[in-house]
Amino acid sequence: MLKLNFLGFKLFLYGLFFTLMFSSCDIDEPSDPWLVFYPRECNYVFARNYERITWDYDNRIIYEYHQAWNTDVFTIDKFVLDVFTSNINLDSVFLLENGNEIIYNSVDEPLPQLESELESSYNRSRLKAGEISQSDEENDTPIDIEYRLTGIKSFQISALDKELFNIAAGSSLNVYFDIVKYEPDFIASSVSKRLLYGFGDTEKPKRIDEWLSLSPLAQNSMLLRLNSNPENLPLSVQFVIALETEEGIILRDTTSLITLENE
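A brief look at the structure comes next.

Some details on the overall build of the protein chain
Point 1. Helix and strand counts for the protein chain stand at six helices and 15 strands.
Point 2. A buried classification covers 46% of the 263 residues belonging to the protein chain.
Point 3. Residue pairs at least 24 apart in sequence account for 75% of intrachain contacts in the protein chain once pairs closer than 6 positions are excluded.
Point 4. In the form shown here, the protein chain has an accessible surface area of approximately 13700 Å², with 48% of it arising from carbon and sulfur atoms.

Some remarks on the side chain of Thr 71
Point 1. Mapped onto the elements, Thr 71 comes out in the loop between β3 (60-67) and β4 (73-75).
Point 2. A distance of 3.0 Å separates a polar side-chain atom of Thr 71 from the backbone nitrogen of Val 73.

So, the sheet that holds β3
Point 1. Judged by pairing direction, the sheet is antiparallel, and its five strands sit side by side in the order β3-β2-β5-β11-β8 without closing on themselves. Both edges of this open sheet fall to β3 and β8 (177-183), since each of them pairs with a single strand only. With strand direction ignored, the average angle separating the axes of adjacent strands in the sheet is 30°.
Point 2. Where strand β2 (residues 44-57) and β3 come together, eight bridges link them in antiparallel fashion. By the bridge assignment for β3, Asp 56 is matched with Ile 61.

Comments concerning the sheet that holds strand β14 (residues 250-254)
Point 1. Taken in spatial order, the three strands make up an open sheet running β7-β13-β14, and their pairing is antiparallel. At either end of the open sheet lies a strand with only one pairing partner, and these are β7 (152-159) and β14. Averaged over all pairs of adjacent strands, the angle between their axes in this sheet comes to 15°, without regard to strand direction.
Point 2. Pairing of strand β13 (residues 239-245) with β14, which is carried by five bridges, proceeds in the antiparallel orientation.

Looking at the side chain of Glu 115
Point 1. Looking at the secondary structure, you find Glu 115 in helix α4 (residues 112-129).
Point 2. Ignoring sequence-local partners within four residues, the contact set of Glu 115 consists of Phe 37, Pro 39, Pro 110 and Tyr 147.

Concerning the environment of Arg 225
Point 1. Mapped onto the elements of the fold, Arg 225 is located in strand β11 (residues 221-226).
Point 2. Sequence-wise, Arg 225 and Asp 77 are 148 residues apart; in three dimensions their C-alpha atoms are separated by 8.0 Å.
Point 3. There is a polar contact of 2.9 Å between the side chain of Arg 225 and the backbone oxygen of Asp 77.

Details of α4
Point 1. Helix length check: α4 (18 residues) gives 26 Å between terminal C-alpha atoms against 26 Å at 1.5 Å per residue, within 8%.
Point 2. The inward-facing, buried residues of α4 abut β1 (34-40), β6 (142-148), β9 (187-188) and β10 (195-197).
Point 3. Following α4 by one or two positions, Gly 130 has its phi on the positive side, about 75°.

Concerning the environment of Glu 109
Point 1. Looking at the element boundaries, Glu 109 is found in the loop between α3 (99-105) and α4.
Point 2. Spatially, the C-alpha atom of Glu 109 lies 7.7 Å from that of Arg 40, the residues being 69 residues apart in sequence.
Point 3. Among all residues touching Glu 109, those that are not within four sequence positions of it are Pro 39 and Leu 149.

Describing the environment of Tyr 104
Point 1. With respect to the helices and strands, Tyr 104 occurs in helix α3.
Point 2. According to the relative accessible area criterion, Tyr 104 is partly exposed, its value standing at 40%.
Point 3. For the pair Tyr 104 and Tyr 38, spaced 66 residues apart in sequence, the C-alpha separation works out to 8.0 Å.

Comments concerning the nonpolar core
Point 1. The biggest cluster of nonpolar side chains holds 37 residues, and the ones touching the most others in it are Phe 79, Phe 155, Ile 157, Phe 177, Trp 211, Phe 239 and Leu 260.
Point 2. No other element matches the four residues that β7 contributes to this core.
Point 3. Look past the residues within four positions of Trp 211 in its chain and what remains in contact with it is Ile 152, Phe 155, Ile 179, Tyr 182, Ile 187, Pro 205, Pro 216, Leu 217, Gln 219 and Met 222.
Point 4. With 14 residues, the next largest nonpolar core counts Leu 35, Tyr 122, Tyr 147 and Phe 186 among its residues.

About the thresholds
- Residues numbered from 1 in each chain as written.
- Predicted model: local features only at pLDDT ≥ 70, side-chain atom pairs only at ≥ 80, totals over all residues.
- Heavy atoms only, no water.
- Helix = DSSP H or I, 4+ residues; strand = E, 2+ residues; numbered from the N terminus.
- Buried < 20%, exposed > 50% of the residue type's maximum accessible area, 1.4 Å probe, protein only.
- Contact = heavy atoms within 4.5 Å.
- Areas by Shrake-Rupley, 256 points an atom, 1.4 Å probe, with all protein chains shown as cover.
- Polar contact = N/O pair within 3.5 Å; in protein donor to acceptor, adjacent residues only side chain to side chain.
- Pairing = 2+ DSSP bridges.
- Axes fitted to C-alpha atoms, helices over the stretch in contact; angles between N-to-C directions.
- Expected span 1.5 Å × (residues − 1).
- Core = buried A, V, L, I, M, F, W, Y, C linked by side-chain atoms within 4.5 Å.

Next comes the structure, spelled out in C-alpha cells:
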C-alpha cells in the first residue's frame with residue numbers, strides 16, 4: 001500500500017485549497033453568488049495519482065475523483081492522472097507556519113474582462129441547472145475561482161522508465177490519454193485572454209492536442225484517464241508531465257510509482 005508521505009500530505013492540502021466548491025439549493029428567485037478570483041502565473045506543475053469512484057444514483061452514473069491515499073494499485077478503469085499548476089512552490093510554502101496565508105495572498109495581476117465573463121458564465125450555468133442560493137445569508141459565502149495567466153505551448157505525458165504501447169520511455173503518450181475534467185470547469189485563450197468554454201459547456205475538448213490547438217491559458221487542474229489498455233499488465237510505472245509555457249519555460253513533475261492492472 002502507498003505510504004502517506006509529507007509531500008503527499010502537502011499536495012492533498014493544496015488540492016483541498018484549490019477545489020472548486022458549489023453550494024446551492026432551489027428557491028423562487030435566483031441570487032448571484034459572491035465569486036472570489038485567484039489569478040496566478042503558471043510557475044510550477046504537479047502530478048498526482050487519483051482514483052475514479054463510480055456511483056449509480058437515480059439511474060444515472062456519477063463519477064467522483066479522489067486522490068489515492070490508500071493504494072498504489074489501480075485497474076485501468078479507475079486510474080486518473082491529476083495535473084495542476086501554481087505560481088508558488090508547495091515544497092517551501094507548506095513548510096511555513098503561515099503557508100495558507102501565503103497561498104491566499106500570492107496572486108498576480110487580474111484579467112478583469114475574463115473575470116467578468118467567468119462570473120456571467122457561472123451564473124448562467126447555475127440558472128440552467130436550477131441551482132440557486134437559498135438565502136442572501138448563504139450568498140455571503142465566497143466561492144473561490146482559480147485561473148491562470150500563462151499560455152501553454154506544449155504538454156506531454158510520458159512514462160519515466162517504462163515502454164508503454166510500444167512507445168519508448170520518455171516519448172509522448174498523449175494520444176493514449178483523454179481529458180475527463182477541468183477544475184474549475186472552463187477554458188480561456190492565451191491570445192485574447194477571453195473565455196473559450198464556460199461553466200456548463202459540455203462539449204469541451206477531450207483530446208490533449210485539441211486542447212493545445214486552442215492556445216489555452218494553463219488550467220488550474222486537469223484530470224486525465226487512459227483510453228486504452230497497455231500490454232503486459234500488470235505493470236509498474238511512473239508518469240512524467242512536461243509542460244512548456246508560451247515563454248519557452250519547461251515545467252516538469254513525476255507521479256509516485258503505481259501498478260496498473262486489468263479491469
